[in-house]
Amino acid sequence: MISLPQTAPRVAKLTALSIGVALLATACGGGSTPSATESSAAAGGIACPAPSATAGATSTSTETGGVPAATTTTPTPLKLGSLLPTTGSLAFLGPPEIAGVNLGIKEVNDAGGVLGKPVSITHRDSGDTKTDIATQSTTALLGQGVSAIIGAASSGVSKTVINQITGAGVIQFSPANTSPDFTTWDDKGLYWRTAPSDVLQGKVLGNYMATCGAQTVGMIVLNDAYGTGLAKNVKSAFEAAGGQVVAEELFNEGDSQFSSQVDKVIAAKPDAIALITFDQAKSIVPLITGKGIKATQLFMVDGNTSDYSKDFKPGTLKGAQGTIPGTFAKEDFKKKLLAIDPALKDYSYAGESYDAVNLISLAAEAAKSTKGTEIAKQLKAVSEGGEKCTDFASCVTLLRNGKDIDYDGESGPVTFSDAGDPTEASIGIYEYQDDNKYTPAREEFGKL
């Protein structure tokens, strides 16, 4: 666990174990007591642990020899679709997710494809909840006979299409949905995700703000399934750690004015402010910092932890921190992604998207079928209990040699529950630098 810095005004009570989430280790392994140098100067009672020196350094890639030919071939090649954002308030997540999908498809096909045939991918825009783009895109993908659709990124968008997709006997596999609502959704066993529920991200962020010494927190929250669900878990963890949420202001998708919410939160004089938003942060951050709040008091989430180098003056976000589910993108993985899309700036959920392709492809091999309902029956099996492997080529080699496999990918260990949720995951904590870009600071690993 991260211990509370000596400069903090009190000892925070970390209660993750009592609420079902075990925060087990940081990226550097072993103990994680902060060094004498904290990550930023104390502001409003905030003094967070120093970043890990080894964050994001290790690779999970596996070398393999020649892949044996498929023992069972299919007359119907595996067709995949993606429903990822190229427009709307989460458009910044589209490029890394699409690059992750395309890299996965390339590696699967480089290894000979699935059941003797190359895998195809069709990309469609998901838009956001202000539009009906997702429904139109889903209809088009289903019309092409896809076995699985990778997406959406937004939990709110997924709620608009999940019944349409799973009702057609097609897998919906999201690399970024984090709403806890999907755990109990009546999805006929066809909804899966590589991103952990916000039960985990919320607990990590709430406890981390307490670890940094915050006694009071204000929150500005997007009023949708993602925002309110994450806020609920952040609040629960922070209050269980002895803190108090002194303000919680909501706004709706499509709103463009946030002065009222900012003024009410600042009036409550919190030690820290959590921004649970999408790209509305581009408008909210200047309002907050313009009122004298220091960047070191700001905590962001996966919906808005992004590259703001072209949006804000240098130094605007220096010392602010954000959480993104998943382990840090490793350097060799970034190089592969950049070969797919040289313009990439963010890597959020690229690993989860890459893993989605591999898991679907491996489950199809295990099922000896490209039918969505048959693939779904094997997704849990390829994620647990067998011989560890970390890419399609090495895993499919084991499968074709009659071995049971346990796929662990670029997003970290992947072990599915019966509900299609990851049962364990890392949450990355990132810190903004003077150029308003974020860098890896430390990881927390947890089980649900």
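What you see is a predicted model, and the numbers here were worked out from it, not measured in a lab.

K.L.:
Mind laying out the overall build of the protein chain, listing which residues take part and the relevant values?
P.N.:
Within the protein chain, the secondary structure is distributed over 11 helices and 16 strands. Looking at the 448 residues of the protein chain, the share that counts as buried comes to 58%. Contacts spanning at least 24 positions in sequence make up 71% of the contacts within the protein chain whose residues lie at least 6 apart. Summed over all atoms, the accessible surface of the protein chain reaches about 16000 Å², with 52% contributed by carbon and sulfur.

K.L.:
Tell me about the pairing of strand S2 (residues 79–84), residues and numbers included.
P.N.:
Most of S2 sits inside the fold, with five of its six residues counted as buried. Relative to strand S3 (residues 120–125), S2 runs parallel, the two being bridged by six bridges. Each residue of the ladder has a partner; that of Leu80, found in S3, is Ile121. Once the chain exits S2 it traverses helix H1 (residues 94–110) before rejoining the sheet at S3, and the crossover so formed is right-handed. Relative to strand S4 (residues 148–151), S2 is paired through four bridges, and the arrangement is parallel. By the bridge assignment, Leu83 is partnered in S4 with Gly151.

K.L.:
Summarise the pairing of strand S13 (residues 405–409); cite the residues concerned and give the values.
P.N.:
Burial analysis of S13 places five of its five residues in the buried class, which makes it a mostly covered element. In this sheet, S13 lies alongside strand S12 (residues 387–389) in parallel orientation, the contact comprising three bridges. By the bridge assignment, Lys388 is partnered in S13 with Asp406. You can see the chain leave S12, run along helix H11 (residues 392–400) and come back into S13, and the turn it takes is right-handed. Here two bridges tie S13 to strand S14 (residues 412–413), and the two strands are oriented antiparallel to one another. Bridge assignment links Asp408 to a residue of S14, and that residue is Pro413.

K.L.:
I'd love a proper account of the packing of aromatic side chains, names of residues and values included.
P.N.:
Counted according to the given criterion, the structure contains 13 aromatic pairs. Relative to Trp185, the ring of Phe182 has its centre 5.7 Å away and its plane inclined at 35 degrees; by these criteria the two rings are tilted. Taking the relative accessible area as the measure of exposure, Phe182 reaches 0% and is therefore buried. An angle of 75 degrees between the planes, with centres 6.3 Å apart, marks the rings of Tyr208 and Phe299 as edge-to-face. Highlighted residues: Tyr208 in helix H4 (residues 198–211) and Phe299 in strand S10 (residues 298–300), separated in sequence by 91 residues. Members of the aromatic cluster, joined through ring pairs, are Tyr308, Phe312, Phe328, Tyr430, Tyr432 and Tyr438.

K.L.:
Pulling in residues and values, what's your account of the sheet that holds S13?
P.N.:
Within a sheet, each strand pairs with its neighbour through backbone hydrogen bonds, oriented either parallel or antiparallel. Taken together, the three strands give an open sheet; going across it, the order is S12-S13-S14, and neighbouring strands pair in mixed fashion. Looking at which strands have only one partner, the edges of the open sheet turn out to be S12 and S14. Its contacts with the sheet place helix H9 (residues 350–367) against S13 and S14, and it is angled at close to 165 degrees to S13. Packed onto the sheet, H11 meets S12 and S13 and runs at close to 150 degrees relative to S12.

K.L.:
Go over the confidence of the model for the protein chain with me, naming the residues and quoting the values.
P.N.:
Low pLDDT means the predicted atomic positions in that stretch should not be read closely. In this model, the protein chain carries a mean pLDDT of 89, and residues with pLDDT of at least 70 account for 87%. The low-confidence segment residues 1–42, where pLDDT is below 50, has 107 contacts with residues more than four positions distant or belonging to other chains. Between residues 58–64, whose pLDDT stays under 50, and residues either more than four places distant or in other chains, the model counts 15 contacts.

Scoring rules and cut-offs
Residues numbered from 1 in each chain as written. Predicted model: local features only at pLDDT ≥ 70, side-chain atom pairs only at ≥ 80, totals over all residues. Heavy atoms only, no water. Helix = DSSP H or I, 4+ residues; strand = E, 2+ residues; numbered from the N terminus. Buried < 20%, exposed > 50% of the residue type's maximum accessible area, 1.4 Å probe, protein only. Contact = heavy atoms within 4.5 Å. Areas by Shrake-Rupley, 256 points an atom, 1.4 Å probe, with all protein chains shown as cover. Pairing = 2+ DSSP bridges. Right-handed = clockwise from strand over helix to strand, strands pointing away. Phe/Tyr/Trp six-rings, centres within 6.5 Å; stacked < 30°, edge-to-face > 60°. Axes fitted to C-alpha atoms, helices over the stretch in contact; angles between N-to-C directions. pLDDT = per-residue confidence, 0-100.

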